[in-house]
Structure formats: C-alpha cells, structure tokens
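# Structural overview
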Amino acid sequence: MQQHAEGPAAMLAIGTANPTGVVVPQDIFAENIFRVTKSDHLTELKEKMKRICQKTGIDKRHFHLTEESLAAHPEFLDRQVPSLDSRINMADTAVPELAQCAAIKAIAEWGRPATDITHLVFSTYSAWQAPSFDHQLAALLGLRPTVCRTILSLHGCYGGGRALHLAKQLAENNHGARVLVACSEITLVCFGGPDGGNLIGSALFGDGAGAVIVGAGPFTEGERPIFEMVSATQTTIPRTEHVLGMQVSGGGVDFHLGIQVPMLIGQNIEKCLLDAFTGFVDDPSSSWNDLFWAVHPGGRQILDNIDTELKLEPGKLAASRHVLREYGNMSGATIIFVLDELRRRRKEDGDNLLLPEWGAMLAFGPGITIEAMLLRCPGASPLNNN
Ligand SMILES: CC(C)(COP(=O)(O)OP(=O)(O)OC[C@H]1O[C@@H](n2cnc3c(N)ncnc32)[C@H](O)[C@@H]1OP(=O)(O)O)[C@@H](O)C(=O)NCCC(=O)NCCSC(=O)CC(=O)O
C-alpha cells in the first residue's frame with residue numbers, strides 16, 4: 001500500500017445539525033434567560049444583557065436544554081452548587097447524538113458506506129471522560145472497529161479549524177484515507193444564571209454540530225471535492241493566553257471572554273494570513289478581496305474588525321454573518337456551518353459566478369490561537385473571480 005495520497009486533501013461532503021427542541025429569538029433572550037434563571041430582580045444586569053443582545057448580530061439560537069430539563073436540575077442555576085456530574089450525564093447522550101445527525105447527512109452526501117471511513121476526529125468542549133464521544137459516535141454510525149479515533153477536547157472555537165487541519169494531514173499522509181470530522185457543541189455544560197459574570201458568552205453561544213468528510217486523491221467515482229485544503233497553519237498570538245479561555249469547575253464550564261478579543265484578533269489577522277499564505281498566493285496582501293472568506297463568527301465585533309483591517313468589500317463575510325444571525329456562535333462547529341453556507345451560495349449562484357477560486361478559512365479560540373487554511377474551489381473559473 002502506498003503511504004501518501006495524491007494531491008491536497010479536499011472536503012468531500014458537509015453536514016450540519018441543531019437541536020430541534022428550543023429556538024430562542026435573540027430579541028426576547030434577555031427576558032427569557034432572566035426569567036428561567038429566576039434573576040428578574042437583577043434589573044441593571046438585565047438591561048445590560050438587552051444592550052449586548054441588540055449588538056450581537058444574532059437573530060436566533062438553538063438550544064438542547066429545555067425549561068423542563070432545567071426545572072429538573074435547579075443546581076444548574078447556581079455556580080456554587082456542584083452540577084458537573086449532571087451536566088456530563090446529559091451531555092453524554094446529547095453531544096454524540098447531535099454529531100450523529102450532522103454526520104449522517106455528510107455520509108449520505110458523500111455516497112459511500114460509513115464503513116469506508118478510516119479516521120474519525122471529534123472536537124467538542126464537553127468531553128471529560130474516556131472512552132469518549134469519538135467512541136460513541138463510531139458505534140452510532142457503525143464505523144469499522146479499525147477506524148482510528150481522535151478526540152480534541154476544549155479547543156473551543158478553533159476546534160473545528162483544528163480538526164479540519166488534522167484531517168488534511170491524515171488524509172494526505174495515508175493513501176486512501178477518508179476522515180470524518182465531527183464537531184458537536186452544546187451549551188448545557190456552561191449554562192448558568194446571569195450573575196455568574198458570563199453575560200457575553202450567554203448572549204453569543206448556541207448549540208450545533210457539523211461534520212465533514214475529508215479525503216485526498218485518487219477520488220472514487222462519485223466523490224466530488226467541494227473545497228481543496230491547500231495549506232494550513234496554526235498561530236498563537238503571544239502573551240494573550242489570559243484573554244480568552246475556559247475553566248472547568250464543579251459548577252460547570254466558565255468562559256472567559258476578555259473585552260480585548262476583537263481588537264487583538266483584528267490587530268494580528270493580516271500578519272497571520274501573510275505567514276500562512278505566502279508562497280501559495282502571489283502577493284496575498286494585495287488580493288484579500290480576490291479571495292472568498294470562511295471566517296468563524298466569534299462575535300459581530302470580530303467580523304467588523306476583520307472587515308476593517310483587511311479592507312474587505314461589503315459582503316465578503318456574508319456567509320459568516322448569515323451563520324451568526326441564524327445560529328449564534330456554536331464554538332468549534334460554527335466554521336463547518338460557514339463552509340456549508342458558502343457552498344450553498346455557490347450552488348445557488350449557478351456554480352461559483354460570485355465565489356472566487358481561492359479562499360481563506362479562519363477559526364479563533366483560546367491561546368489566542370488562529371487556525372488558517374487556504375482553500376480552493378476545484379470547479380471555479382478564475383475568469384469569474386470578483
Ligand atoms: C459583545 C459585542 C457583540 C458587543 O458589541 P459592541 O462591542 O459593538 O457594543 P458595546 O461596546 O456597546 O458593548 C455592549 C456592552 O457589552 C460590554 N462588553 C462588550 N464586550 C465585553 C466583554 N468581552 N466582556 C464584558 N463586557 C463586554 C460593553 O462594555 C458594553 O457594556 P455597557 O452597555 O454597560 O457599556 C461585541 O463586543 C463582540 O462581538 N465581542 C466579541 C465577543 C467575543 O469575545 N467573542 C469570542 C467568543 S469566543 C470564540 O469565538 C472562541 C472560543 O471561545 O474559543
């Protein structure tokens with residue numbers, strides 16, 4: 001058997017899923033969360049939550065946690081009361097099942113049997129036991145016993161980018177490999193009352209799962225590359241580890257989202273892109289508008305700062321803003337929704353009249369870590385680049 005594959009890896013199929021139980025419009029989120037957490041007496045905090053919600057660029061979010069399940073777990077309302085065990089118990093079925101919904105769609109689009117998957121990379125911020133969700137998902141999908149499983153835990157919002165980067169390396173270095181990437185994020189592990197200090201996270205995060213089949217050539221009949229994964233890098237912005245992070249405690253997971261995050265990402269994004277793309281794209285800095293963009297919508301301000309720093313034309317981040325509006329920030333899974341949205345737009349537009357041949361994928365998370373990937377649409381005509 002040959003060791004290496006032919007050519008760069010490509011995304012061959014994409015699937016997404018959200019919990020169907022609860023959809024909360026953002027304009028009533030503040031009222032809702034203060035009511036269900038019995039916090040209506042915190043009037044100033046509630047007004048602040050309303051101000052934040054108005055600025056998020058989010059219309060609605062999907063959640064697994066229902067008011068009924070919350071009533072059964074009053075310990076979720078008070079960070080001082082131990083609740084990690086109950087949260088893990090609920091996540092134990094919810095996280096892999098949501099991943100399964102997304103993976104079934106991706107596998108159906110791919111058109112080959114699930115048993116042809118050779119590797120599984122699962123990313124989530126909810127995994128703290130072994131064997132973990134990768135093991136459960138393999139069983140739910142009927143993957144073969146020799147599938148090589150990897151779980152990425154607590155990479156946060158760059159988890160999807162990290163998983164795709166790893167899948168690229170696995171696919172290119174193992175002839176015939178077909179890697180299933182699955183990211184499943186459910187906020188029940190970080191859900192809490194608004195007095196816990198996590199207003200911003202509570203206003204931004206939603207639940208969702210994404211799955212991608214990654215493989216490199218030779219492709220079998222029926223396999224159609226959606227995005228070629230040309231090159232990938234990871235960059236850590238020095239001395240920013242205190243700015244963005246997650247902390248697991250007996251009361252669940254706390255997110256720390258420093259107010260400097262949008263500014264730091266804006267200030268560092270161009271250098272990171274130049275490091276990542278030089279050698280692959282002629283003078284990348286002169287051509288940011290010649291690329292299509294798949295950017296993790298960590299928050300509206302982050303997208304605004306990237307627009308400003310890179311002087312992007314209006315609409316370049318439309319897929320990211322669409323996903324933010326419809327689903328909120330689903331942490332690691334979000335980037336897969338953005339990729340799905342981009343390819344949907346390309347299809348709707350008579351196959352890539354609007355979408356340039358080359359594109360950039362960006363995901364951010366704790367570190368601050370930036371995962372960057374240069375993408376290429378195999379079917380795109382350079383003549384159609386805008
Ligand atoms: C939250 C926002 C939508 C708010 O919009 P604006 O900044 O335009 O509005 P604004 O300045 O009027 O802010 C509204 C109120 O929120 C407060 N505020 C804003 N950011 C805050 C923060 N990080 N922590 C605490 N408070 C904050 C302001 O002080 C203000 O309070 P007052 O009204 O009282 O004056 C935006 O700042 C944003 O998109 N921020 C990015 C959030 C972020 O860090 N995302 C990364 C998620 S993590 C991720 O994606 C990766 C991962 O987790 O791994």
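Structure's up top.
In what follows, the accompanying structure is described.

Scoring rules and cut-offs
All residue numbers here refer to positions counted from 1 along the written sequence of the relevant chain. In keeping with the predicted nature of the model, local features appear solely for residues at pLDDT of at least 70, side-chain atom pairs appear and are counted solely at 80 or more, and the whole-chain, interface and lining totals rest on all residues. The basis for every side-chain value is the complete set of heavy atoms in the structure, and neither hydrogens nor water enter the calculation. Helix numbering and strand numbering both begin at the N terminus, where a helix is a DSSP run of H or I of at least 4 residues and a strand a DSSP run of E of at least 2. Accessible area is worked out with a 1.4 Å probe on protein chains only. A residue is then buried under 20% of its type maximum, exposed over 50%, and partly exposed in between. Residue exposure ignores everything except the shown protein chains as possible cover, and the areas themselves are Shrake-Rupley values with a 1.4 Å probe. Here Asp and Glu are counted as negative and Lys and Arg as positive; His is not counted, and neither are the chain ends. For the purpose of locating charges, the reference atoms are NZ of Lys, CZ of Arg, CG of Asp and CD of Glu. Paired rings are identified among Phe, Tyr and Trp, the last through its six-membered ring, by centres lying within 6.5 Å, and are further divided according to the angle between planes into stacked (under 30 degrees), edge-to-face (over 60) and tilted (the rest). By definition, being over a ring means that NZ of Lys or CZ of Arg is both within 6 Å of the ring centre and within 35 degrees of the ring normal. Expected span of a helix, by definition, is 1.5 Å for each gap between consecutive residues, and there is one gap fewer than residues. Fitting axes to the seven residues that end at a residue and to the seven that start at it, the angle between those axes gives the bend at that residue. Two residues form a contact once any of their heavy atoms are found within 4.5 Å. When a carboxyl oxygen of Asp or Glu is within 4 Å of a side-chain nitrogen of Lys or Arg, the pair counts as a salt bridge.

### Considering the overall build of the chain
Counting secondary structure elements, the chain contains 11 helices and 13 strands. Judged by the C-alpha coordinates and their principal axes, the chain covers about 60 × 50 × 40 Å. By residue count, 59% of the 386 residues in the chain fall in the buried class. Carbon and sulfur atoms provide 53% of the accessible area of the chain, an area that totals close to 15600 Å². When the 32 positive and 43 negative side-chain charges of the chain are each reduced to one mean point, those points stand 1 Å apart.

### Comments concerning the packing of aromatic side chains
Considering all chains together, one arrives at seven aromatic pairs under this definition. With a centroid separation of 6.3 Å and 25° between ring planes, the pair formed by Phe29 and Phe63 is classed as stacked. Here Phe63 lies in strand β3 (residues 60-63) and Phe29 lies in helix α1 (residues 29-36), a separation of 34 residues in the sequence. In this pair, the class of Phe29 matches that of Phe63, namely buried. Site record: aromatic cluster; members linked through ring pairs are Tyr125, Phe205 and Phe255. Positioned over the ring face of Phe29 is Arg61, at 4.1 Å from the centre of the ring. The ring of Phe227 carries the charged tip of Arg346 above its face, separated from the ring centre by 5.8 Å.

### Structural notes on helix α8 (residues 261-277)
The first and last C-alpha atoms of α8 sit 23 Å apart over 17 residues, in line with the 24 Å expected at 1.5 Å per residue. At Ile269, α8 is bent by approximately 40°, the largest bend along its length. Burial in α8 covers these residues: Val261, Pro262, Leu264, Ile265, Gly266, Ile269, Cys272, Leu273, Ala276 and Phe277. Structurally, α8 contributes buried residues whose contacts are with β8 (227-236), β9 (244-249), β11 (292-295), α9 (300-310), β12 (358-365) and β13 (369-376). Immediately beyond the C-terminal end of α8, within one or two residues, lies Gly279, with a positive phi of roughly 100°.

### Re the pattern of salt bridges
Summed over the entire model, instances satisfying the criterion amount to 24 salt bridges. A salt bridge links Glu47 to Lys50; the nearest nitrogen and oxygen atoms lie 3.6 Å apart. In this pair, Glu47 and Lys50 both sit in helix α2 (residues 43-55), three residues apart, roughly one turn of the helix. Under the relative-accessibility criterion, Lys50 is labelled partly exposed at 27%. The salt bridge involving Arg376 is made with Glu357; its shortest N-O contact spans 2.9 Å.

### Overview of the environment of Val338
By the secondary structure assignment, Val338 is in helix α11 (residues 334-348). Each C-alpha atom of the pair Val338 and Lys105 lies 16 Å from the other, and the pair is 233 residues apart in sequence. What Val338 contacts, discounting residues up to four positions off in sequence, is Ala294, Val295, Pro297, Ala319, Ser320 and Val323.

By themselves, these are just geometric observations and shouldn't be taken as functional.
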